Every structure is written in C-alpha cells, then in structure tokens.
Amino acid sequence: MPVYNMDKTADYFQPGGPLERSIPGFVYRQEQVCLAEGIADAFSNSEFLVAEAGTGVGKTYAYLLPAFLWSLIEKERVVISTRTKALQQQIIGRDIPDLLDAASLDLKFMEAKGRENYLCWNKYTSILAGKQNLNESQQLFMTRILSWAEKTLTGDRKELNIGADLMKHWPILAADRRGCRRDMCSHHEKCFRLKMMKNLHRADIIVVNHALLLSDLQVNNSILPEYKYLIIDEAHHFDRESFDKLSCSFSYLETSDLFKALYFKDKKYARGYIPHLKSRYPNLTEPLNGAGELVSRSMQLLDSMFSILTSSRMAKDSNYSMVIENQHLEQTWFVELMDDYQEWQVNTRILLDKLRSIQTELGGQEEEGEISGFINALQELAEYAYLIMEENIDCPDSINWIEYRDGWASSLVSSYIMIGDILRERLYSRLNTVIMVSATLAIEERFDYFLDKVGLNEYLQDERVRTLLQRSPFDYKKQAVLYTVYNMPPPSSQEHSRSAARVLPDIIEAAGGGILVLFTARKQLQEVSAKIKPWCQAKGINLLIQDESGASGLLLEEFIASKDSVLLGLETFWEGIDVKGEALRCVVIVKLPFRSPSDPFCIASDKHCRLHRRNSFQHFMLPDGAMRFKQGTGRLIRSESDRGVVVVLDNRLEKCNYGRIFKNSIPIVQTVSLQEKDLGAEIRRFIAAGADD
C-alpha cells in the first residue's frame, strides 16, 4: 500500500500556502486543486486518468506537484512527456525548479533528448584527423565550435549560439543512428549520449517529448530507464504522434546518402569509405572492388524504384501522400517496382555479406568499428524495406503510403491502423498509472472519442480508467463572442477565397489589428494573402504571412511586439501559442478544420472505423475536427483580463446539423450568426462595450 497521503497535495495550493508565498503571480484556483487531487488519486490507486483542463487552470503545476510527492515518498520514477520541445524546455528550465523551490522539495530531475542533439566524439575526432572532406562553410562551423567541443560537459547542441547559417552543419557532428559504432566505438567514455542515458537512471523525474517516448517503444525500451508512472501532457495529439513515430520508413535520401558514403564515382574519381579502405589496405583490393560494384548496383536499383514511384503520382500537388490500396498491387507500375525491389534486396544482402567479410579481415583495426556502423545502418534500412514491401503491403492491420516532395517520391512508409492496440501492448500494459492531460480532450463534455482513439476504452471494463473535466476559470460570457458569417459561399467553392479576402478588411478595420487568421490549406492562404496585401500596404497595416514573412517563431515574436498586426497562419498557429492581452483580440477561422481525406492518418482512421462497422465521419472526422476547432478558438482568451472575438467564415457551422457539436465543444457562450454586411459593426460594438467596462 502506498504511504503517500494524497490529502496533503491541496495544502500546497491554498491561499497563503507555499506556492503563493514563493511564486510571483500565483493565483489560487479551485479547478487546479481538483485536478491535482485527481492526479494524486490516480497515482495512489494505480489508475489511468484522462483529464481536460481548460485554459487558465494551471495544469502543469497541477500534475508536477503530485508527481514530485509521489516520487519522493514512494521512491518511484515519474516520466513526463510533452508534444513540443518548447514546453519540454519550459518545464525543465522554469516550472520544475520554481515548484521544487516553492515546495521545499529535493528531487533529481532531468531532460531526455534524442541522440541527434548530442555531439558524437567519434565523428568529431575523425574530422579533426582529416578523414572527411569539408567545404568552406563546414570548416568555418568546425572552427566556431572547437572551443565548446573541448570544454562541454554535456555535448548538447543547445549550448551553442552560432546562428542558423552555421548550425545547419550540425549533422556532420550529430550522434545519429547511422554513424554510431555502438559497442565497437573506442570513445565510450566520451559519448555524451551514453552519459545522458546513464544520468537518467539517477533521476526521479524525467521530462521527454512524445517523439522520444515513442522511439523508446520502437527500440524495446532501451533509451529510458524503467518507469511505471507516466504523465502525457498535450495529450490531444498522442494518437497522431503514435501513428507517425511508430511507423517505419524507407527513405530515398537516407538510403542514397548511405550508399554514397560507402562508394560513388565523382567524374573520374571514386569516393567514399570503400576507396578510403583501398588506400589503407591494398591487400583487400579485390573484396573492396566487389563491394564497390555491389553498392553501385544497389544505387541503380534504388534510383529505378523511386523513379517508378514518382511516375505513379496521381495528384497534381507536388507535396502529398498516396496510400497504396489493393488495386495498386495489380497495376503495371507496382509489378515493376516489386521486380526492382526484390533484386535490390538480394543485391543488398550480398553487399552486407561482403562488408561483413571485410569487417572480419579488419579485425582489431580502427576501421573495424567504422565498417560495423555501415553494416548496422544498411541492415536496418533493408529490414524496413522488407517490412513495408513484403510483410505489411497487403496486411489488413497496416496502412502503407508513398510520400511525394517537390513532385518526387521521397519515401515509402508503413504504420498501424489499430494504433490504440499497439499502445496497449507496448506502453499501457507495463504501467501502473498513466495521466493524460490537455486543454482539449472532450467533445461536448464527453471523452468517448479520445478514449477510443488512444486505446484506453478497453480499460473501462475493469474500471481502471477515470475521466476528469475541469473547465476554464475565465468568464467567457463577458470576455468573448463567436460570430458566424452565414451568407458566405460554400467553403468548397472557388468563391470562398474571394469572399474571405473581401471580409477580412472589414474585420481588420473593426478590430484595429491584433488578428490571427487561421487557414487549413496553404493554397487558400496564398490566394487570400495576395488579394489583401495591397490593401494592407496602403493602410499601413503590418501583414505577417506564414512561410513568406519569416519563420513561425519570429513571426509570432513580431506579432506580439507590434500589437496591431495581422498574422495569417496554418496548422502551426492553431495551437500551442500563448498570446495574452491586446496583441491578440480577434481570431478568424476561415474554414472548419476537417482533415484532408487523402491524409494517411485520416485513411487509417477511416479503415479503423469500417473494421468496427462505424461511420467514419461521425466517429472520426467530426470529433477530430471539433477538437481542432477547440484548439483554434482557444488561442483567443489566455488570461482573466483578455477580451476578444472569434469570427468563423464557414457557413457549415450554422447550416449543417453537426455545427452544434463544434459550438457545444468550446467554452465561448455567446454565439451570433449574422450577414457579412453586419460583421464590422458587431465587432465594433463588442469592443466598445469592453472599453466602457
């Protein structure tokens, strides 16, 4: 039985308590206390808790404090996972230190990061020894990091501050999977990634992001130390993250880079690691020549395979995904693809055998470890190709697709249709407690959709799963209103973009700036921005356009600093941004955020629904869209003093029956349906009423 008394948790949050005394700006909120107590209860009873905490509840402190107390008293490690690295760093850099100090608790905490964040000492020493040809820019990068590399205790790239133009060369030093010698590396004592992993075993609290948490499942839990208590923040994305990160990919670029690192002909000269070995070991010339020929043939076959995949592209879009359906397996292009693939796989196996024999000949030499890294990387790529092309291609539990970038096939990918089943098998089954928390998990105050998509509904039968809904403490009735323009053209029509461009100037003039305009498609963003840009320039309005005016992070900084700007953004800006005060007083949603039906995740969810004899629109597209709508509208009110409007330019919110599900899922109480001509006056009236208050 646990010793931990969960009743003590609330004492820390009380008025006049430790948090209020020590943390500037801390405000007592009953919703936060209820959430913290619910989490403490889940720890004590080995339960799975799914909790929605509305904006302003203070969910981070609400889960951190019970985690601290549980770890301290019960001597149990707790892992906290976030979707974004920004939140991960905020928790590590600010929230945990502040809370531990306020509560006078002594715990070891650590951030776990992916291997690519760390300097590889083997790569570093190889470059210093002149074993790799660097261009002028790469040489400058090396010069700038030399002093840091010799002094750093962590090898973490975040310690560097040398500008993006040089940091783009970080991969030449990064501890990536392909270049790792593993047990054959002679620099174990200097391996920063291994140091990080060893330190994790001494930590009471470990903070990771979802990508690393899921990668750990892919490699049989060989990254993180054992844990039985897990908190998943930003949980509304966990199913999508799982679908992406638990997939396997056969990438043209990754595979061709590996082959070129081994051997390629540059005009008259042979380059790569195999020619390097020939110069060092003339006695191995014959097997090395054979290996070079095998690499060349594998590269030819790889080019042919991806040329066939490129020719199979059926959409005009240059960047999209095409799911491989059963009917494709009988088509000429796929038969040709399989012929090339099978020859590639046979040729690559022979190459692996040849490289292993060369490795044996190099036994005890420095290069034995290097060739081992190539063998491991090539073996892994061949296994991924086998999984996709032979095991999963016609498996009813998998979905397979081709990724196209800039019009060319870039990779073959495979993932699971029943992602919840995989999570139950690999993750939940070995945990005592899982806490999933987010500001958007419930649809019309019900958690059925979320529980189903993350695979927790199976635990409802033994009453192991509990749900908790803590609404935002903000006064949405006074602070916000939602307007729907019901006489807009249908969102599928060509007229919709023209109408949106006509309405936006009215909204901008009425609100006076501080406007975030959210789009679901890049094409429409470009169409609308092109139409309103001349008007904005003539009026002196600072128009910020995603991917045109600068990087997302810099755009957000400028948007906040200027206070009267208009920012046009895509999915990046639908969630995770926290803009308080006058800088954001109006959110415009151009279309309801339904996913593209061609998205592999969407197709997988559709198949999942059909396997369970469910309507995929009702059980996936609609609740998923409502949850994303909830995220978008949630950008508006971020504090007790915020006030503003949401404008929806999609008439389906009023004209379709399912519109009520969208409206019933958000905390904004006032909703008004009006014509385009009345919108500006209504916005001015609401803003004036706030000024009078």
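None of these values were measured; they are calculated from a predicted model. (Residues numbered from 1 in each chain as written. Predicted model: local features only at pLDDT ≥ 70, side-chain atom pairs only at ≥ 80, totals over all residues. Heavy atoms only, no water.)

Student: Residues and numbers for the overall build of the protein, please.
Tutor: Per the secondary structure count, the protein includes 26 helices and 20 strands. For 693 residues, the compact-globule estimate of 2.2 N^0.38 gives 26 Å, and the C-alpha radius of gyration of the protein, at 28 Å, lies within 12% of that figure. Along the three orthogonal principal directions, the C-alpha set of the protein runs to about 90 × 65 × 55 Å. Burial status across the protein gives 55% buried among its 693 residues. Within the protein, counting contacts between residues at least 6 apart in sequence, those at least 24 apart form 77% of the total. Only carbon and sulfur atoms are counted for the fraction: they give 48% of the accessible area of the protein, which is about 30,800 Å². Charge centroids of the protein, computed over 83 positive and 94 negative side chains, lie 3 Å from each other. (Helix = DSSP H or I, 4+ residues; strand = E, 2+ residues; numbered from the N terminus. Rg over C-alpha atoms; globule rule 2.2 N^0.38 Å. Buried < 20%, exposed > 50% of the residue type's maximum accessible area, 1.4 Å probe, protein only. Contact = heavy atoms within 4.5 Å. Areas by Shrake-Rupley, 256 points an atom, 1.4 Å probe, with all protein chains shown as cover. Lys, Arg positive; Asp, Glu negative; His and termini not counted. Charge placed at Lys NZ, Arg CZ, Asp CG, Glu CD.)

Student: Would you mind going over the pairing of strand E2 (residues 78–82) in detail, with residue names and values included?
Tutor: Burial analysis of E2 places five of its five residues in the buried class, which makes it a mostly covered element. Here E2 shows a buried face lined by Val78, Ile80 and Thr82 and a second buried face lined by Val79 and Ser81. Strand direction decides the pairing type here: E2 and strand E4 (residues 205–209), joined by five bridges, are parallel. Each residue of the ladder has a partner; that of Ile80, found in E4, is Val207. (Pairing = 2+ DSSP bridges.)

Student: Quick rundown of the pairing of strand E19 (residues 644–648)? Include the residues and the values.
Tutor: Of all the five residues making up E19, five are buried; the element is thus mostly covered by neighbouring parts of the structure. Two strands pair when backbone bridges link them, and strand E14 (residues 480–485) and E19 are joined in this way by five bridges, in the parallel orientation. Within E19, the residue paired with Leu482 across the bridge is Val646. For strand E18 (residues 586–589) and E19, the ladder comprises four bridges, and the chain directions are parallel. By the bridge assignment for E19, Cys586 is matched with Val645.

Student: Lay out the pattern of salt bridges with the relevant residues and their values.
Tutor: Scanning all chains against the criterion turns up 42 salt bridges. Between Asp95 and Arg94 there is a salt bridge; the shortest N-O distance is 3.2 Å. Given a relative accessible area of 4%, Asp95 falls into the buried group. Across the salt bridge formed by Arg595 and Asp624, the nearest N and O atoms sit 2.8 Å from each other. Highlighted residues: Arg595 in the loop between E18 and helix H22 (600–611) and Asp624 in helix H23 (residues 616–633), separated in sequence by 29 residues. Within the structure, one salt-bridge network assembled from shared partners comprises Arg83, Glu241, Lys245 and Glu575. (Salt bridge = Lys/Arg side-chain N within 4 Å of Asp/Glu carboxyl O.)

Student: Describe in detail helix H3 (residues 59–74), supporting the description with residues and values.
Tutor: Taking 1.5 Å per residue, 16 residues should reach 22 Å; H3 reaches 22 Å between its end C-alpha atoms and fits that length. Most of H3 is tucked away: 14 of the 16 residues are buried. (Expected span 1.5 Å × (residues − 1).)

Student: Requested: an account of the packing of aromatic side chains, with residues and values cited.
Tutor: For any pair of aromatic rings, geometry is given as the distance between the ring centres together with the angle between the planes. Across all of its chains, the model carries 25 aromatic pairs by this definition. Through a chain of ring-to-ring contacts, three or more aromatic side chains come together here, namely Phe594, Phe617, Phe629, Tyr658 and Phe662. Taking the ring centre of Tyr227 as reference, the NZ or CZ of Arg430 above it sits at 4.9 Å. Its end group placed over the ring of Phe686, Arg643 keeps NZ or CZ at 3.8 Å from the ring centre. (Phe/Tyr/Trp six-rings, centres within 6.5 Å; stacked < 30°, edge-to-face > 60°. Lys NZ or Arg CZ within 6 Å of the ring centre and 35° of its normal.)

Student: Any details on the packing of helix H11 (residues 252–262) against helix H15 (residues 367–392)? Residues and values, ideally.
Tutor: Two elements in contact, H11 and H15, have axes whose closest approach is 11 Å; the angle formed by their N-to-C orientations is 150°. In terms of orientation, H11 lies roughly antiparallel with respect to H15. For the element pair H11 and H15, the recorded crossing hand is left-handed. Of the residues in H15, those touching H11 at Glu254, Thr255, Leu258, Phe259, Ala261 and Leu262 are Phe374, Ala377, Leu378 and Leu381. Partitioned by chemical class, the residues of the contact of H11 with H15 number eight nonpolar, one polar and one charged. (Axes fitted to C-alpha atoms, helices over the stretch in contact; angles between N-to-C directions. Parallel < 35°, antiparallel > 145°, perpendicular 65-115°, else oblique. Left-handed = near helix turned anticlockwise from the far one by under 90°. Nonpolar A, V, L, I, M, F, W, Y, C, P; charged D, E, K, R; others polar.)

Student: Help me get a handle on the sheet that holds E19, residues and values and all.
Tutor: Ordered in space as E16-E17-E15-E18-E19-E14-E20, the seven strands form an open sheet in which the pairing is parallel. Single-partner strands in this sheet number two, and they are strand E16 (543–545) and strand E20 (670–674). Ignoring which end each strand starts from, the neighbouring axes of this sheet average 15° apart. Relative to E18, strand E15 (residues 515–518) runs parallel, the two sharing four bridges. Within E18, the position partnered with Leu518 by the bridge is Ile589.

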